[in-house]
Each structure stands twice: as C-alpha cells, then as structure tokens.
Amino acid sequence: MTKTTAHLSRYAAVVAHAAAEALDAAGPAPAADEAAGRMAMALPAARRLLDPAAVDPAAVLEGLRRLTTGPLRYNDSLGHTRPAYFALLVHLHAAALDDDTPGRDAVAAAVARLEPRPDDPADELWRALCLSHLPGQDPAPMVDAVVSRPGPNGELHAFVEGDDLLDAWWYRELVGLHALFRLAHGPLGRDAWRARARGAVLYHLDNTQPDHTTAQPWAVAAFLTHPESIPFGEQQLHDARSYWTHGGPGASVIPGLLLADAAGTMMGLDGPEAGG
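Everything in this summary refers to the structure shown in the same document. Small disclaimer: the values here were computed from a predicted structure and weren't measured. (Residues numbered from 1 in each chain as written. Predicted model: local features only at pLDDT ≥ 70, side-chain atom pairs only at ≥ 80, totals over all residues. Heavy atoms only, no water.)

1. As for the overall build of the protein chain
Selection rule: Runs of E in the DSSP output that reach at least two residues are strands. Runs of H or I that reach at least four are helices, and both are numbered from the N terminus. For the radius of gyration, the atom set is restricted to C-alpha positions; the globular benchmark scales as 2.2 Å times the number of residues to the power 0.38. Only protein chains enter the area calculation, which uses a 1.4 Å probe; residues under 20% of their type maximum are buried, those over 50% are exposed, and those in between are partly exposed.
The number of helices and strands found in the protein chain is 13 helices and 0 strands. Helices and strands appear in the protein chain in the N-to-C order α-α-α-α-α-α-α-α-α-α-α-α-α. In terms of overall size, the protein chain behaves like a compact globule, its C-alpha atoms giving a radius of gyration of 17 Å where 276 residues would be expected to give roughly 19 Å. C-alpha extents for the protein chain along the principal axes are approximately 45 × 45 × 35 Å. Taken across its 276 residues, the protein chain has 53% of its residues classed as buried.

Below, the structure is given as structure tokens:
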C-alpha cells in the first residue's frame, strides 16, 4: 500500500466513523407524517451509504417517494433552509439505492423538480450531480460550463463585492466544491474536473478560515484527500463534532448526512486518481 493510498484509507475510515457517530446522535428518522420539510428524512439513506446491509431499501424508497411530491424547502435544526438542501436529499437517496432496485425510477421524478440555475455555479453542480444518477443523462456540459469559468485566483466562482456577502460566498463555494468533487471522482469524472476541484481546495486552504465554513462539513472529502489540505479538513471534522455535541436535538443531522456522503466518496478513491 502506497503512502497516498494509506492516507486515503485512513481518512475514509475516520470520516465513516464520524458519520456513524453523528447519525447515531441524530436518532431515528421522523415518521412519514412528521417528515415534511425536515432534513432528518434522509437518515435512512445516509445510514445505508455507510452500511447497505443495515438498512432495508424500502426505507430509502419511502423517502424518495416523498421527494417526488413533497415540499421543495427543507429545514436544518436551526430552521434555516438552503438551496442545496433539496438537491442533497435527492442525491443521497439516489446514491443509497442499487441501480436495479425496484422503484428506483422515482429518482427521475425527484430530479425533475430541480430548477436550472445557470447563474449559480453551486446549484448547477448539484443539479448535475443529481442528473448523474439517471441512465442516459449527460451532465458533463453543465459541469464543463462551471469548470470553464473559475474565479481569478482559482476559486470556484468569483466573489463580486457589493453583490455577495463574504460568508454567504464562502458557504456557496464549499457547497459547490462538495458536488464537483463527487462528480470528478465518480463514474463520469474527468481530469479537468479533478484539477479544477484541486485548484479550489488550494485556494480555500490559503484564503478561507475554517471557522468561516460553518459546522456543516461541505467538501470535507476534497480537503482530506489532498495531503496539504488535511488540517483544513480535520478542522471541519472538529467543528462539526463540537456543534452536534453541544447544539442540542437535531444538530447532528446535516453533519451526519454530509459525512456519510463524504465517506462514500472517499471509499471509492485510489491513490493515483485522487491526486487529480
């Protein structure tokens, strides 16, 4: 085992352990009549990403069906909603099901509810990620359009003073990087996407304070994959754990969902590919 491969294996295990801890702290998923608008509806999907044998696919399919007709706005434990939350739910449910699972075709109906937002790189990357779960769909042009318009210093998209609040811009950067990294290291991944994700990682390593990234560990897999940015990713893990330990009921839901997805991404990496 090479040093790089050993590093990836170690941090994949660290992230998977943290995800399991967060999901355990989140408790059971809400019942069907309580789940509307609550991110906790995705707990079965996240748990199945970590251990497919531990969760009946029927529980994931139940959540997927809600996404085809239910609300488009979902709240975190603070009562906030974010544009990426619905796309995150769609992606988690699609990723947690095998391609041949009966009823999985409902993914298409859920993805169809995502609105195109070509002016928002993060939203477009998340729509592309969701489309990547559908047979016959090619999200590459959407990803290429984002990748071809980087910020001036390697960031995912430019900060426009006067139009953006810095904290909101940082947040959208990491939300978008999470989706780009997942796409770049998935079945449709391309060298240009991996290089672009690495460039964004290095930009934020040099320019973003980890405490500005919130306690939601978006893109943590991207930071832990590259040896030079491990401290950034470790700080994300620390902040997320501190938040759900002291944040009260529900505080571990979003961290648990994101960490489960990150673990699924990292488990599929190998040394040479991860280098981008």
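From this point, the narrative continues.
2. Re the pattern of salt bridges
Note the cut-off: We define a salt bridge as a side-chain nitrogen of Lys or Arg found within 4 Å of a carboxyl oxygen belonging to Asp or Glu.
Applying the stated criterion across every chain yields a total of 8 salt bridges. With its nearest N and O atoms 3.0 Å apart, the salt bridge here joins Arg-190 to Asp-144. Of this pair, Arg-190 sits in the loop between helix 8 (166–184) and helix 9 (191–207) while Asp-144 sits in helix 7 (residues 140–147), placing them 46 residues apart in sequence. With a closest N to O distance of 2.7 Å, Arg-198 and Glu-228 form a salt bridge. With Arg-198 in helix 9 and Glu-228 in the loop between helix 10 (220–225) and helix 11 (230–246), this pair connects stretches of sequence that are 30 residues apart. Among the residues examined, Glu-228 registers a relative accessible area of 35% and is labelled partly exposed.

3. Observations regarding the environment of Leu-43
Test applied: In this analysis, two residues are considered to be in contact whenever any of their non-hydrogen atoms come within 4.5 Å of each other.
One can find Leu-43 in helix 2 (residues 43–50). Between the alpha carbons of Leu-43 and Leu-67 there is a distance of 14 Å; along the sequence they are 24 residues apart. Sequence-distant contacts of Leu-43, defined by excluding residues within four places in its chain, comprise Leu-23, Ala-26, Gly-27, Pro-28, Ala-29 and Leu-257.

4. Notes on helix 4 (residues 83–95)
Where burial is concerned, most of helix 4 is hidden: 11 out of the 13 residues are buried. Where helix 4 is concerned, the buried positions are Ala-84, Tyr-85, Phe-86, Ala-87, Leu-88, Leu-89, Val-90, His-91, Leu-92, His-93 and Ala-94. Where helix 4 is buried, its residues meet helix 2, helix 3 (57–69), helix 5 (106–111), helix 6 (121–131), helix 8 and helix 12 (253–267).

5. Overview of the nonpolar core
Defined as follows: The definition of a nonpolar core used throughout is a set of buried Ala, Val, Leu, Ile, Met, Phe, Trp, Tyr and Cys residues joined through side-chain atoms within 4.5 Å.
In terms of nonpolar packing, the biggest core is built from 91 residues, with Met-39, Trp-126, Leu-177 and Trp-218 touching the most fellow members. If one sorts the elements of this core by residue count, helix 1 (residues 3–26) sits on top with 10 residues.

6. Concerning the packing of helix 4 against helix 12
To be explicit about the condition: For every element, the axis is a line fit to its C-alpha atoms; helices are fit only across the contacting stretch, and the angle between N-to-C directions ranges from 0 to 180 degrees. Between 65 and 115 degrees an angle is taken as roughly perpendicular, under 35 as roughly parallel, over 145 as roughly antiparallel, and anywhere else as oblique. Each helix crossing is assigned a hand: it is left-handed if the near helix lies turned anticlockwise from the far helix by less than a right angle, otherwise right-handed if that turn is clockwise.
Interhelical geometry of helix 4 versus helix 12 gives an angle of 50 degrees and a closest axis separation of 11 Å. It follows that helix 4 is oblique to helix 12 by the angle criterion. Judged by the sense of rotation from one axis to the other, the crossing of helix 4 with helix 12 is left-handed. In this structure, helix 4 uses Tyr-85, Leu-88, His-91 and Leu-92 to contact helix 12, whose residues at the interface are Ile-254, Leu-257, Leu-258 and Asp-261.

All quantities given are derived from atomic positions and should not be read as evidence of function.
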